[in-house]
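Structural overview for review
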Amino acid sequence: MLERKFTELTSAIAGTFGRVETRKAATGYLRGLLSEIPRKTCWDLGKHAGYETPDVMQRLLARAVWDEDAVRDAVRRYVIDHLADPDAVLVLDETGQEKKGTATCGVGRQYTGTAGKVTNCIVAVYATYASPHGHALIDTELYVQRTYAGQPATREAMGLPDDWAFATKPQLAQRIAARVLAAGVQLSWVAGDEVYGRDPKLRAFLEQRQAGYVLAVGVDFRVPTAAGPHRADYLAKLIPAQAWERRSCGAGSKGPRVYDWAMVATSSPRHVLLIRRSVSKPSELAFFYCHVPEGRPLTLPILAKIAGVRWAVEEDFQQSKGQVGLDHTQVRRYRSWRRHVILAMAALAVLAVVVAVERRSHPAPVVPRTSTDAPPDDYGLIALTVPEIRRLLTVFTQVSTVVTPRMAALRREFELRWSEWRRRHQARARWYHHRKRLAAA
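Residues numbered from 1 in each chain as written. Predicted model: local features only at pLDDT ≥ 70, side-chain atom pairs only at ≥ 80, totals over all residues. Heavy atoms only, no water.

For the rest of this paragraph, the subject is the overall build of the chain. Regarding its fold elements, the chain presents 15 helices and twelve strands. Judged by the C-alpha coordinates and their principal axes, the chain covers about 70 × 65 × 40 Å. Per-residue burial for the chain yields a buried fraction of 51% across its 441 residues. For the chain, contacts bridging at least 24 residues in sequence account for 66% of all contacts bridging at least 6. (Helix = DSSP H or I, 4+ residues; strand = E, 2+ residues; numbered from the N terminus. Buried < 20%, exposed > 50% of the residue type's maximum accessible area, 1.4 Å probe, protein only. Contact = heavy atoms within 4.5 Å.)

Here it is as structure tokens:
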């Protein structure tokens, strides 16, 4: 099925390449991103594709004639076609890649959560399409700091477009959301962290487009209430004990993610402040400013669930970097960076779609109902994951043709047994994690 879904995607993007040779190189690039090679650079990808030098892959990113924006749009359609759902959420977030030197487009000293500090890096804003069926990255914009506005020679060396103008991260997120909506994608909800929740223009844009949102805000966010604007942390202190509700905001790898939740009314009937409190550390609070368009129910369970969907983009960052080399770029110019990232998003989309299709027919592993349940005789298997599918792809496509068919079959059977053991072991671990969470609750 993986090969079929891969062919489906490559067929969808085939028309964006000007020459057969370029299309062949792009297909080889995608296969390399899906392979087991540890670093997805042009040198390694070129070698994996059978080229004598990295020139073909370098040309693909830098000078070959093809429309990377059209590929991005095709990847988005591919993801939506397989994962579409009325309750889908567009999750906005940024991630960084540490860099040395000063020549890479957009590089500079800035904070990135990847390193957890201010460092020399590039940062880009991404959007994940998350639905009950699965999730994948569908769009991106590179963040270039304001300091480059007064450096035309540097911008030219970095390959930034002639019409480039500085844009904040929320402005980049708005561009992404506008493209997604213009493509006819139905978005019920948008989620994001404090960078986006604090921006009134982004919030106003989403409200104009009738998109609901659950955006994180800081403790000092001024919430408009009937009694006037107040800080979010001040309002949290006014919530009576009986107003908190203990709910799960979704299933995690170790069981339900359970928190205490409360809602605070605002001066608008369609806006609320949602507050999340840690069960084990009640002093740890998180705040979300929410908008629910007319005609939709404004309920705490729905908003808590949307707030919990934000984890999807973090998982996509982890998988795209660990599995398909999103941050393995060794390029300097803007277009080369963009082309690599879009192809990496395409590779991740293939894996995400295969995971979604497989999970629809996979029986859910056994989970305890109470904290006193006895271990079952069979824990079952967890569904295939992105890393497991990428691992199996490597096994089934990279077994050397030099060995005999019998040896190749034995190797595949061996790897399948290991895959089953891993998934059964993970199901067992999940069962005990669930029971531990139930006992803590």
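The next point concerns the pairing of strand β1 (residues 89-98). On a regular strand, one side chain projects to one face of the sheet and the next to the other, so that they alternate. Most of β1 sits out of view: nine of its ten residues are buried. Alignment of β1 against strand β3 (residues 117-131), held across ten bridges, turns out to be antiparallel. By the bridge assignment for β3, Glu-98 is matched with Cys-121. As paired elements, β1 and strand β5 (residues 189-192) share four bridges and run parallel to each other. The residue bridging Leu-92 from the neighbouring strand is Gly-192, located in β5. (Pairing = 2+ DSSP bridges.)

This part is about the environment of Leu-45. Topologically, Leu-45 is positioned in helix α3 (residues 42-49). A sequence separation of 166 residues divides Leu-45 from Ala-211, and the C-alpha atoms of the two residues are 41 Å apart. The contact partners of Leu-45, leaving out residues within four places of it in the chain, are Tyr-29, Gly-32, Leu-33, Ile-37, Lys-40 and Met-57.

This part takes up the environment of Val-91. Mapped onto the elements, Val-91 comes out in strand β1. In this structure Val-91 comes out as buried when scored by relative accessible area, which is 1%. For the pair Val-91 and Glu-315, spaced 224 residues apart in sequence, the C-alpha separation works out to 12 Å. What Val-91 contacts, discounting residues up to four positions off in sequence, is Tyr-126, Ala-127, Thr-128, Ala-130, Ala-191, Val-309, Arg-310 and Val-313.

This part is about the pattern of salt bridges. Evaluated as defined, the whole model comprises 24 salt bridges. Its salt-bridge partner being Arg-335, residue Glu-68 comes within 3.0 Å of it at the nearest N-O pair. Of this pair, Glu-68 sits in helix α5 (residues 68-83) while Arg-335 sits in helix α13 (residues 334-361), and the two are 267 residues apart along the sequence. The class for Arg-335 is partly exposed, based on a relative accessible area of 39%. Overlapping salt bridges, with partners in common, bring together Asp-69, Arg-72, Asp-73, Arg-76 and Arg-338 in one network. (Salt bridge = Lys/Arg side-chain N within 4 Å of Asp/Glu carboxyl O.)

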